[in-house]
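# Notes for the structure review
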Amino acid sequence: MNIDLKAHSSPLRSLDGRTKLTALAVIFILVLLFSHPVYIVALLAFVLVIWFIARLPSKMLKDLMNYFWMIAVIILVVQIFFYPGTTNLLKISKPLPAIGFSGFITLEGIAFGIAMVLRLVVIMIVAPLMVMTTPLPELMLALVKLKVPYRFAFIMTTALSLLPSIQNRASIIQQAQLCRGISYDSGGNFIGKLKASVSLMIPLILGAFRDSQTLEVAMNSRAFGAPIKRTFLLDSHFTTADFIIIAVSMVALIGGIVLRILGFGTY
Amino acid sequence: MDDNVAIQCEDVSFSYPNGVQAIHNVSLTIYKGDYIAFVGQNGSGKTTLVKHFNGLLKPTQGQVLVFGEATKSKRVSQLSRKVGYVFQNPDDMLFCTSVTDEIAYGPRMLKMDAEEVKAKVESIIIELGLSEYRDTHPFALSLGDRQRLAVACALSLDPQVFVFDEPTTGQDYFGSQSIMNLIDQLHQKGKTVIIITHDMPIVAEHAKRVVVMNKGQVALEGTPEEVFTQIDKLQSLSLKAPQVTMLARELGLQGTTILHVPEMVDWLTNNYLPAIEPAAGEMSL
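Every value quoted in this text rests on a predicted model; they were computed, and no experiment measured them.

## Considering the overall build of chain A
When you go through chain A residue by residue, the secondary structure sums to eight helices and two strands. The helix and strand sequence of chain A, counted from the amino end, reads α-α-α-β-β-α-α-α-α-α. With the C-alpha coordinates aligned to their principal axes, the bounding extent of chain A is approximately 65 × 60 × 35 Å. Each of the 267 residues in chain A was classed as buried or not, and the buried ones make up 37%. Taking the intrachain contacts of chain A between residues at least 6 apart in sequence as the baseline, contacts between residues at least 24 apart amount to 73%. The distance from the centre of the 22 positive side-chain charges to the centre of the 10 negative ones in chain A is 5 Å.

## Concerning the side chain of D145(B)
Residues and elements named next belong to chain B. On the secondary structure map, D145 appears in helix α5 (residues 143–155). There is no salt bridge for the buried D145, and the closest opposite charge comes from R148, which lies 4.8 Å off by N-O distance. Non-local contacts of D145, meaning those with residues more than four positions away in its chain, are made with L130 and Y133.

## Some points on the confidence of the model for chain A
Summing up the model confidence of chain A, the mean pLDDT is 85 and the portion of residues at 70 or higher is 94%. The lowest-confidence element of chain A is strand β1 (residues 88–91) of chain A, averaging 75 in pLDDT; the highest-confidence one is helix α8 (residues 240–261) of chain A, averaging 93.

## A closer look at the confidence of the model for chain B
Of the residues in chain B, 95% have a pLDDT of 70 or more, and the chain-wide mean is 89. Two numbers describe this predicted complex: its pTM, 0.77, and its ipTM, 0.85.

## Some remarks on the packing of helix α5 (residues 136–145) of chain A against helix α6 (residues 150–179) of chain A
Residue and element names in this part refer to chain A. As a packed pair, α5 and α6 sit with axes 9 Å apart at the nearest point and diverge in direction by 155 degrees. The orientation of α5 relative to α6 falls into the category roughly antiparallel. As α5 runs across α6, the sense of the crossing is right-handed. In contact with L136, L139, M140, L143 and V144 of α5, α6 contributes Y150, A153, F154, M156, T157, L160 and S161.

## Some points on the packing of aromatic side chains
All names here are of chain B. What the rule picks out here adds up to 13 aromatic pairs over all chains. The interplanar angle of 85 degrees and the centroid separation of 4.8 Å between the aromatic rings of F95 and Y105 together place this pair among those described as edge-to-face. Note that F95 is positioned in the loop between β6 (83–86) and α3 (99–109) and Y105 in helix α3, a separation of ten residues in sequence. The class of F95 is buried, set by a relative accessible area of 6%.

## Concerning a nonpolar patch on the surface
Taken together, V198(A), M201(A), I202(A), I205(A), L206(A) and F209(A) make up a surface patch of nonpolar side chains, about 470 Å² in accessible area. Within the secondary structure, V198(A) is located in helix α7 (residues 190–221).

## Structural notes on the interface of chain B and chain A
Contact with chain B, which involves 23 residues of that partner, is made by 21 residues of chain A. For the pairing of chain B and chain A, the buried interface totals around 1,900 Å² over both sides, and the portion due to carbon and sulfur atoms is 60%. A salt bridge links E102(B) to R180(A); its shortest N-O distance comes to 2.7 Å. Where chain B packs against chain A, one counts five residue pairs in polar contact (both at pLDDT 80 or more). Secondary structure elements with two or more residues in the side of chain B that touches chain A: α2 (76–79) and α3 of chain B. When residues in the side of chain B that touches chain A are grouped by element, the largest group, four residues, is from α3(B). Residues of the side of chain B that touches chain A, tallied by class, amount to 13 nonpolar, five polar and five charged.

## Focus: α5(A)
For α5(A), the set of buried residues is L136(A), L139(A), M140(A), L141(A), A142(A) and L143(A). Each element contacted by the buried residues of α5(A) is listed here: α1 (17–33), α4 (107–131) and α6 of chain A.

## Considerations on the sheet that holds strand β5 (residues 69–70) of chain B
Judged by pairing direction, the sheet is antiparallel, and its four strands sit side by side in the order β2-β1-β4-β5 (chain B) without closing on themselves. Edge positions in the open sheet fall to β2 (21–31) and β5 of chain B, since each of these has one partner strand only.

## Looking at unusual backbone geometry
Residues and elements named next belong to chain B. A positive phi angle is found at D11, which is not glycine, with a value near 50 degrees. With a phi close to 45 degrees, E166 is a non-glycine residue in the positive phi region. Mapped onto the elements, E166 comes out in the loop between β7 (161–165) and α6 (173–188). Classification of E166 as buried rests on a relative accessible area of 12%.

## Focus on the environment of G192(A)
Residues and elements named next belong to chain A. For G192, the location among the structural elements is in helix α7. In this structure G192 comes out as partly exposed when scored by relative accessible area, which is 28%. Each C-alpha atom of the pair G192 and T86 lies 44 Å from the other, and the pair is 106 residues apart in sequence.

## Here we look at α3(B)
Listed as buried for α3(B) are V99(B), E102(B), I103(B), A104(B), Y105(B), G106(B) and P107(B). Tucked into the core, α3(B) has its buried residues touching α7 of chain A together with α4 (114–127) and α5 of chain B. Just past α3(B), the residue K111(B) takes up positive phi, approximately 60 degrees.

## Structural notes on the nonpolar core
The biggest cluster of nonpolar side chains holds 81 residues, and the ones touching the most others in it are I7(B), F38(B), F53(B) and I194(B). When residues no more than four places from it in sequence are discounted, the contact partners of I194(B) are I7(B), I30(B), I36(B), F38(B), V50(B), F53(B), V161(B), F162(B), V163(B) and F164(B). Among the nonpolar cores identified, the runner-up in size contains 44 residues, and V47(A), V131(A), M140(A) and F154(A) belong to it.

## Let's talk about the sheet that holds strand β9 (residues 209–214) of chain B
All names here are of chain B. The sheet built from six strands is open, its strands ordered β6-β7-β8-β3-β9-β10 with mixed pairing. Two strands in the sheet have a free side with no partner beyond their single neighbour: β6 and β10 (217–222). Taking the axes of each pair of neighbouring strands and ignoring which way they run, one obtains an average angle of 20 degrees across the sheet. With four bridges joining them, strand β3 (residues 35–39) and β9 adopt parallel strand pairing. Each bridged residue has a counterpart across the sheet, and for F38 the counterpart in β9 is V211. In the packing of α5 onto the sheet, contacts are made with β6 and β7, and the angle to β6 comes to roughly 165 degrees.

## Remarks on the environment of T134(A)
Residues and elements named next belong to chain A. Mapping T134 onto the fold places it in the loop between α4 and α5. Residue class for T134 comes out buried when judged on its relative accessible area of 1%. In sequence terms T134 and S35 are 99 residues apart; their C-alpha atoms lie 30 Å from each other. Side chain to side chain, T134 and K20 meet in a polar contact 3.0 Å long. Of the polar contacts made by the side chain of T134, one reaches the backbone oxygen of M130; its length is 2.7 Å.

The rules we used
- Residues numbered from 1 in each chain as written.
- Chains lettered and ligands numbered in written order.
- Predicted model: local features only at pLDDT ≥ 70, side-chain atom pairs only at ≥ 80, totals over all residues.
- Heavy atoms only, no water.
- Helix = DSSP H or I, 4+ residues; strand = E, 2+ residues; numbered from the N terminus.
- Buried < 20%, exposed > 50% of the residue type's maximum accessible area, 1.4 Å probe, protein only.
- Contact = heavy atoms within 4.5 Å.
- Lys, Arg positive; Asp, Glu negative; His and termini not counted.
- Charge placed at Lys NZ, Arg CZ, Asp CG, Glu CD.
- Salt bridge = Lys/Arg side-chain N within 4 Å of Asp/Glu carboxyl O.
- pLDDT = per-residue confidence, 0-100.
- Axes fitted to C-alpha atoms, helices over the stretch in contact; angles between N-to-C directions.
- Parallel < 35°, antiparallel > 145°, perpendicular 65-115°, else oblique.
- Left-handed = near helix turned anticlockwise from the far one by under 90°.
- Phe/Tyr/Trp six-rings, centres within 6.5 Å; stacked < 30°, edge-to-face > 60°.
- Patch = residues over 30% accessible without salt bridge, like charges linked within 9 Å, V, L, I, M, F, W, Y side chains within 5 Å.
- Areas by Shrake-Rupley, 256 points an atom, 1.4 Å probe, with all protein chains shown as cover.
- Buried area = accessible area lost by both parts, 1.4 Å probe.
- Polar contact = N/O pair within 3.5 Å; in protein donor to acceptor, adjacent residues only side chain to side chain.
- Nonpolar A, V, L, I, M, F, W, Y, C, P; charged D, E, K, R; others polar.
- Pairing = 2+ DSSP bridges.
- Core = buried A, V, L, I, M, F, W, Y, C linked by side-chain atoms within 4.5 Å.

Below you can see the structure in the form of structure tokens.
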């Protein structure tokens, strides 16, 4: 998967960074608020519609899922076995009190497992909606305007901006190791793969340390942290669309909380 | 297939997954024992083309034959025993905790016999002058020595062909000389050597054949004499012949192509020195 942080042109591109951050936060809260699979499926469908509107490459979704499906299976299995449900569906062993397992697969366990997996999917795919439709300087500005301390905003945007270069370096190192007779896909067994990954991780991590030292020197030489009030080259203003989206987000947030208080949205 | 051919590119084109076509219909034959330099502007496709020689990249059209076998169905790790590739930055290759382990890693991965590996590592250490660093951590070595170690790692797989991507970048004069001497030695032992470089004097002094790349195609190809005498053509490709070659041309030296300083010294000595009587003790060449 190639991480590409060039902001894609789309309707989301023109929104204010603060609007997108607000909507992002609301989606995060809602997805954690509800634990009923149907509610989370609805949220997921909504986020996928936004993906479509944002014109982000669908290949990226596929790649993310390629990485995620194994984790998903593990989560699902763990929840199915250990969620203390009441509607027994299938007896698969005698009760095992030592690990808190009743011996039955329960309906609640399955529902919670599915909800958990879908939650993670939503959280995973909602972040690129923000990052890939907002140029980093605008993201930085939005954070600062939301009163996030400048240093923290800088750390966040720098970390993001380094991702593509780290990925690029990883692929060069991988090529260099292939040339030394190391093969990442063959050798089959787990130990072999682990050994091969050492050859990638060590140069990658050491390189990242070196880069960060260089960055530190560069920042210091440009007076980073000087005790002055910062001004910004860019400025951003809310448009009607921003106000509408923030209002809708707030209504959704309050609505979600009310529903939850009334007892909806849990299984 | 001719027995003397090491690598053959047949109408090779390559496009990156993002759709950018980096190589356009290149056909090129590299013979056993060649000492060939790829030059060209950044982005001209040198590295992309050369990465086809050991299967790091596979042509999207046409084919690359390494000792008669198409790279398409081969793994890089298989081809690494035939074509060694030394990356520009040795730190991308090194990760072990001692020089000895570093050199032994590749042969061990390819499951060579332990005794054989030991003997091989020892002979390489001596050959490359790394014997005082046997147990040193690779990251404690100087850049020049790390680069020698990277060469040692490629050497440990005993390939017939060596590719060096910008071997002298970031090195001072003596560092460059030392790595180029090492490359010359490999060539003298009968290895096929391919270098990518921006340093024209190095090309003129060391390479036997030059390939000039431009916009993913071979723009010019021949011996250093043939290539560096086409000064205007080179200029149109944003390249410059070595200064001494340009000087010779500006001076209007006829009947000879001067590619490096010793040649210029010889030429001046032969043609002018008899006419100039050096003052006693003042001039000695």
